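Observations on chain architecture
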Amino acid sequence: MKKGMLIFLHGLGDVGASWEQELKLIFPKTLKIICPNAPKMPVSINNNEKMPAWNNVYGFEKNATIDKDGIMKSSQMLNELIVNKSTAYEIPLENVLIGGFSQGGNIALH
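Cut-offs used in this document
Residues numbered from 1 in each chain as written. Predicted model: local features only at pLDDT ≥ 70, side-chain atom pairs only at ≥ 80, totals over all residues. Heavy atoms only, no water. 1 Å grid on protein atoms, 1.4 Å probe; cavity = no way out; pocket = protein on both sides within 12 Å on 5 of 7 lines; lining within 4 Å. Points joined across faces, edges and corners; volume = space filled by probe spheres on them. Nonpolar A, V, L, I, M, F, W, Y, C, P; charged D, E, K, R; others polar. Helix = DSSP H or I, 4+ residues; strand = E, 2+ residues; numbered from the N terminus. Pairing = 2+ DSSP bridges. Axes fitted to C-alpha atoms, helices over the stretch in contact; angles between N-to-C directions. Phe/Tyr/Trp six-rings, centres within 6.5 Å; stacked < 30°, edge-to-face > 60°. Buried < 20%, exposed > 50% of the residue type's maximum accessible area, 1.4 Å probe, protein only. Patch = residues over 30% accessible without salt bridge, like charges linked within 9 Å, V, L, I, M, F, W, Y side chains within 5 Å. Areas by Shrake-Rupley, 256 points an atom, 1.4 Å probe, with all protein chains shown as cover. Salt bridge = Lys/Arg side-chain N within 4 Å of Asp/Glu carboxyl O.

Some points on the layout of surface pockets
A water-sized probe, rolled over the atoms, reveals where empty space remains. Approximately 300 Å³ is the volume found for the largest pocket. The wall of the largest pocket is formed by 17 residues, among which Asn55, Asn56, Val57, Gly59 and Asn106 lie closest to the centre. Residue composition of the lining of the largest pocket, grouped by class: seven nonpolar, seven polar and three charged. By volume, the second largest pocket is sized at about 150 Å³. When residues of the lining of the second largest pocket are assigned to their parent elements, the largest contribution, five residues, is made by helix H2 (residues 68-88).

Quick word on the sheet that holds strand S1 (residues 4-9)
The strand order across the open sheet built from three strands is S2-S1-S5, with neighbouring strands paired in parallel fashion. In this open sheet, the two strands that pair with only one neighbour each are strand S2 (31-34) and strand S5 (96-100). For this sheet the average axis-to-axis angle between neighbouring strands, irrespective of direction, equals 20°. In the sheet, S1 pairs with S5 via five bridges, with the strands oriented parallel. Counterpart to Leu6 in the pairing with S5 is Leu97.

Thoughts on unusual backbone geometry
We note that Glu90 has phi near 55°; this positive angle belongs to a residue other than glycine. Structurally, Glu90 is set in the loop between H2 and S5. Residues other than glycine seldom take positive phi values, yet Ser102 does so here, at roughly 55°. Its location among the elements puts Ser102 in the loop between S5 and helix H3 (103-109).

A closer look at the packing of aromatic side chains
If you walk through the whole model with that rule in mind, you get two aromatic pairs. Here Phe8 and Trp19 contribute two aromatic rings whose centre-to-centre distance is 4.8 Å and whose plane-to-plane angle is 40°, an arrangement assigned as tilted. Taken together, the positions of Phe8 in strand S1 and Trp19 in helix H1 (residues 17-26) put the pair eleven residues apart, joining distant regions of the chain. Aromatic pair Trp19 and Phe101: ring centres 5.3 Å apart, planes at 40°, arrangement tilted. In this pair, Trp19 is assigned in helix H1 and Phe101 in the loop between S5 and H3, connecting sequence segments 82 residues apart. In this structure Trp19 comes out as partly exposed when scored by relative accessible area, which is 22%. An aromatic cluster of at least three residues, connected via ring pairs, comprises Phe8, Trp19 and Phe101.

Re a nonpolar patch on the surface
Judged by side-chain polarity, Leu25, Ile26 and Phe27 come together as a nonpolar surface patch covering roughly 330 Å² of accessible area. Residue position: Ile26 is located in helix H1.

Read these as spatial facts, not as claims about activity.
Okay, here's the thing in structure tokens:
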């Protein structure tokens, strides 16, 4: 039985599976590890190429437009995932860790 859960969000253009195996090597087997995939969407900074992304990226400049709607949508998806998976695996919410890399880290912190 799992005693805790880690939900870890990948970065722009990546997928969850690339993180899951490595994280399983680091953390104890009593921790359920979930690495969801971001939906594929056109990303402005990459010539609108469709790729896994938690939100659109318009630029890296300090004054670049921020995709607030995309961030909110991914944040809501994360909140729903936390509740659904903690219920499914019978893991108390206080035993759930959230993390991420790059763009995924931004959503995890939001």
